[in-house]
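Descriptive structure summary
The chain contents come next:
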Amino acid sequence: MSTATVKTPDTIARIRQEVCTLHAELTRYGLVVWTAGNVSARVPGHNLMVIKPSGVSYDDLTPEQMVVTDLYGVPVDGDADGEWGNPPLSPSSDTAAHAYVYRHMPDVGGVVHTHSTYATAWAARGESIPCVLTMMSDEFGGPIPVGPFALIGDDSIGQGIVETLKNSTSPAVLMQNHGPFTIGKDARSAVKAAVMCEEVARTVHVARQLGEPIAIDQSRIDSLYARYQNVYGQ
């Protein structure tokens, strides 16, 4: 564990609470089973992130268990007065991938990984999800791309995520033979993208069982994406 100290106890506590709470959204929407999947969030103004501990049941997660690491995935200590500190838990096995994304995509504030059934089925085929729904146009601005096969354990997955998404409007990537990773301006946005990714993966799969889905012209996709991103909502 790093000996670095960070005097941001209130910020860390808030983000730990948020990250813990958002994991419940993954189970609520049926995106994960057992202990698979994870949510992380960048700590604003610091080269730090907060992520789920490895192998802990979703039902047992608490904010205090969320692990604080630097942007190389190394756990860090709390402030000098001990107001907060990491528990003796190892961070998620996907920590290196998340950390690589934060280092190379400075606008990303949240990363999510799931093995949701339909999105992962597309990943298993190494096939991108075509943009044949207005919902996809709104949220993804085009197809959901496939990233390369990469092994867990180092930042290879992170490299694949960054390389695939750097020129894409999509906040989701299907890592081949693995599953979806999503990004967002914050952790909640990344969770939303994960929920939407699974929804459109399921719908497009069903549509293809009935026939060939109708493609949407790119100019209309662009128009729908611009409206949703810049006008829709409050």
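Quick note: structure is the one above.
Each value, and the rule that gives it
- Within each chain, residue numbers correspond to sequence positions counted from 1 in written order.
- It should be noted that, the model being predicted, local features are given only for residues of pLDDT at least 70 and side-chain atom pairs only at 80 or more, the latter also being counted only at that level, while totals for whole chains, interfaces and linings use all residues.
- Side-chain measures here rest on the full set of heavy atoms in the structure, leaving out hydrogens and waters.
- A carboxyl oxygen of Asp or Glu within 4 Å of a side-chain nitrogen of Lys or Arg is what we treat as a salt bridge.
- Helix and strand assignments come from DSSP, with helices taken as H or I runs of at least 4 residues and strands as E runs of at least 2, each series counted from the N terminus.
- Should DSSP find at least two bridges between two strands, the strands are regarded as paired.
- We call two residues contacting when some pair of their heavy atoms lies within 4.5 Å.
- Note on geometry: axes are lines fitted to C-alpha atoms, helical ones only across the stretch in contact, with angles between N-to-C directions running from 0 to 180 degrees.
- The cut-offs for exposure are 20% and 50% of the maximum accessible area for each residue type, with area from a 1.4 Å probe on protein chains only; residues under the lower value are buried, those over the upper are exposed, and the others partly exposed.
- In this count, Lys and Arg are taken as positive residues and Asp and Glu as negative ones, while His and the chain termini are left out.
- Each polar contact in these results corresponds to two N or O atoms within 3.5 Å; when the atoms are within protein, one needs to be able to donate a hydrogen and the other to accept it, and residues that are neighboring in sequence are counted only if both atoms are side-chain atoms.
- By convention, a stacked pair of Phe, Tyr or Trp rings (six-membered ring in the case of Trp) has centres within 6.5 Å and planes under 30 degrees apart, an edge-to-face pair has planes over 60 apart, and any other such pair is tilted.
- Cation placement over rings: the criterion is NZ of Lys or CZ of Arg within 6 Å of the ring centroid and within 35° of the ring normal.

1. Focus: the pattern of salt bridges
Inspection of the entire model under this criterion finds 8 salt bridges. The salt bridge involving Glu 163 is made with Lys 166; its shortest N-O contact spans 3.2 Å. The salt bridge partner of Arg 202 is Glu 199, with a shortest N-O separation of 3.2 Å. Note that Arg 202 and Glu 199 are positioned in helix H6 (residues 187–210) at a spacing of 3 residues, about one turn of the helix.

2. Topic: the sheet that holds strand E2 (residues 48–51)
Ordered in space as E3-E2-E1-E4-E7-E6-E5, the 7 strands form an open sheet in which the pairing is mixed. Of all the strands in the sheet, just strand E3 (67–70) and strand E5 (146–147) have a single pairing partner and so form its edges. Relative to E3, E2 runs antiparallel, the two sharing 4 bridges. Residue pairing in the sheet places Leu 48 in a bridge with Asp 70 of E3. Across the sheet, helix H5 (residues 156–165) is in contact with E5, strand E6 (172–175) and strand E7 (179–184); its angle to E6 comes to roughly 130 degrees.

3. Remarks on the side chain of Arg 42
Relative to the helices and strands, Arg 42 resides in strand E1 (residues 38–43). Buried charge without a partner: Arg 42 forms no salt bridge, and the closest opposite charge is Asp 107, 7.5 Å away. From its side chain, Arg 42 meets the backbone oxygen of Tyr 102 in a polar contact 2.9 Å long. A polar contact is formed between the side chain of Arg 42 and the backbone oxygen of Met 105, at a distance of 3.1 Å. Apart from the residues within four sequence positions on either side, Arg 42 is in contact with Ile 15, Leu 48, Met 49, Leu 71, Tyr 102, Met 105, Pro 106, Val 108 and Gly 109.

4. Digging into the environment of Leu 151
Mapped onto the elements of the fold, Leu 151 is located in the loop between E5 and H5. Overall, the relative accessible area of 58% leaves Leu 151 in the exposed class. Separated by 35 residues in the primary sequence, Leu 151 and Asp 186 have C-alpha atoms spaced 26 Å apart. Discounting residues that sit within four places of it in the chain, Leu 151 has contacts with Ser 156 and Ile 157.

5. Things to note about the packing of aromatic side chains
By the definition in use, this model includes 1 aromatic pair. Between Tyr 228 and Tyr 232, the aromatic rings sit 4.8 Å apart at their centres with planes inclined by 25 degrees, giving stacked as the arrangement. We classify Tyr 228 as buried; its relative accessible area is 16%. Relative accessible area serves as the criterion here: at 54%, Tyr 232 is assigned to the exposed category. The lysine or arginine in question, Lys 52, covers the ring of Tyr 58, its NZ or CZ lying 5.3 Å from the ring centre. Here the basic side chain of Arg 125 rests over the ring of Trp 122, its NZ or CZ set 4.5 Å away from the ring centre.

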